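Close look at the chain arrangement
The residues making up each chain are set out below.
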Amino acid sequence: MAGETGEGAKPAATAALTEAEVEELPKTIVRRLVKDNLAQVAAGGADVIVNRDAMAAFAESARIFIHYLSATANDMCKESKRQTVNADDVLKALDEMEFPEFVEPLRISLQEFRNKNVARRSETTQKKAEKRRKIDEESLPQEQNDAKADED
């Protein structure tokens, strides 16, 4: 029966989706990227109106570009006899696809991302160490009391 979620059955909403719909990029993110970028290049920062068909074309173009880029990056990875695609593979793929103007901005953005994550990781490590120290300090008096009780 349609709509059942039992074993082997797909929910009606998922079953009705085509493969392209499953691979769609989130519309709100695409809309925000398009509008923000168009507003930057528009005269005087005017609000730009983008119709539904144009938004769908942007989303589909971005999806196709991502597929092409990921396939090319995967080829770069295989050429290096590895199974895991890394950031260098993506940068090489952009060059291979003849988009060298994207490489340097992406490299800078990637470095900023890595720096932010290193700072975030060190904060988390410091918080964990502080928490462990507090737990150790709290358990130390209890251990001393237990030791005194054993002596008596």
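Each remark here, short or long, concerns the structure printed above.
The following paragraphs examine the structure supplied in this document.

Considering unusual backbone geometry
Look at Lys 81: it is not a glycine, yet its phi comes out positive at around 55 degrees. Along the chain, the position of Lys 81 falls in the loop between helix 4 (52-79) and helix 5 (87-96). Unlike most non-glycine residues, Glu 98 shows phi in positive territory, near 70 degrees. On the secondary structure map, Glu 98 appears in the loop between helix 5 and helix 6 (103-151).

Examining helix 4
Over its 28 residues, helix 4 runs 41 Å from end to end, which matches the ideal 40 Å to within 8%, given 1.5 Å per residue. Met 55, Ala 59, Arg 63, Leu 69, Thr 72, Ala 73, Met 76 and Cys 77 are the residues of helix 4 that are buried. Positioned one or two residues after helix 4, Lys 81 has a phi angle of 55 degrees, which is positive.

Section: the packing of aromatic side chains
Tallied over the entire structure, the rule returns three aromatic pairs. Ring centres of Phe 65 and Phe 99 lie 5.4 Å apart, and the angle between their planes is 85 degrees; this geometry places the pair in the edge-to-face category. Of this pair, Phe 65 sits in helix 4 while Phe 99 sits in the loop between helix 5 and helix 6, and the two are 34 residues apart along the sequence. You can call Phe 65 partly exposed: its relative accessible area is 27%. Pairing Phe 65 with Phe 102 gives two aromatic rings, centres 6.5 Å apart and planes at 80 degrees, and the pair type is edge-to-face. Here Phe 102 lies in the loop between helix 5 and helix 6 and Phe 65 lies in helix 4, a separation of 37 residues in the sequence.

Observations regarding the packing of helix 3 (residues 27-41) against helix 4
The geometry of helix 3 relative to helix 4 is characterised by a closest axis approach of 10 Å and an angle of 105 degrees between their N-to-C directions. Considered as vectors, helix 3 and helix 4 are oriented roughly perpendicular to each other. Residues Val 30, Arg 31 and Val 34 of helix 3 form the contact with helix 4, whose own contacting residues are Met 55, Phe 58 and Ala 59.

Thresholds, definitions, all that
- Residues numbered from 1 in each chain as written.
- Predicted model: local features only at pLDDT ≥ 70, side-chain atom pairs only at ≥ 80, totals over all residues.
- Heavy atoms only, no water.
- Helix = DSSP H or I, 4+ residues; strand = E, 2+ residues; numbered from the N terminus.
- Expected span 1.5 Å × (residues − 1).
- Buried < 20%, exposed > 50% of the residue type's maximum accessible area, 1.4 Å probe, protein only.
- Phe/Tyr/Trp six-rings, centres within 6.5 Å; stacked < 30°, edge-to-face > 60°.
- Axes fitted to C-alpha atoms, helices over the stretch in contact; angles between N-to-C directions.
- Parallel < 35°, antiparallel > 145°, perpendicular 65-115°, else oblique.
- Contact = heavy atoms within 4.5 Å.

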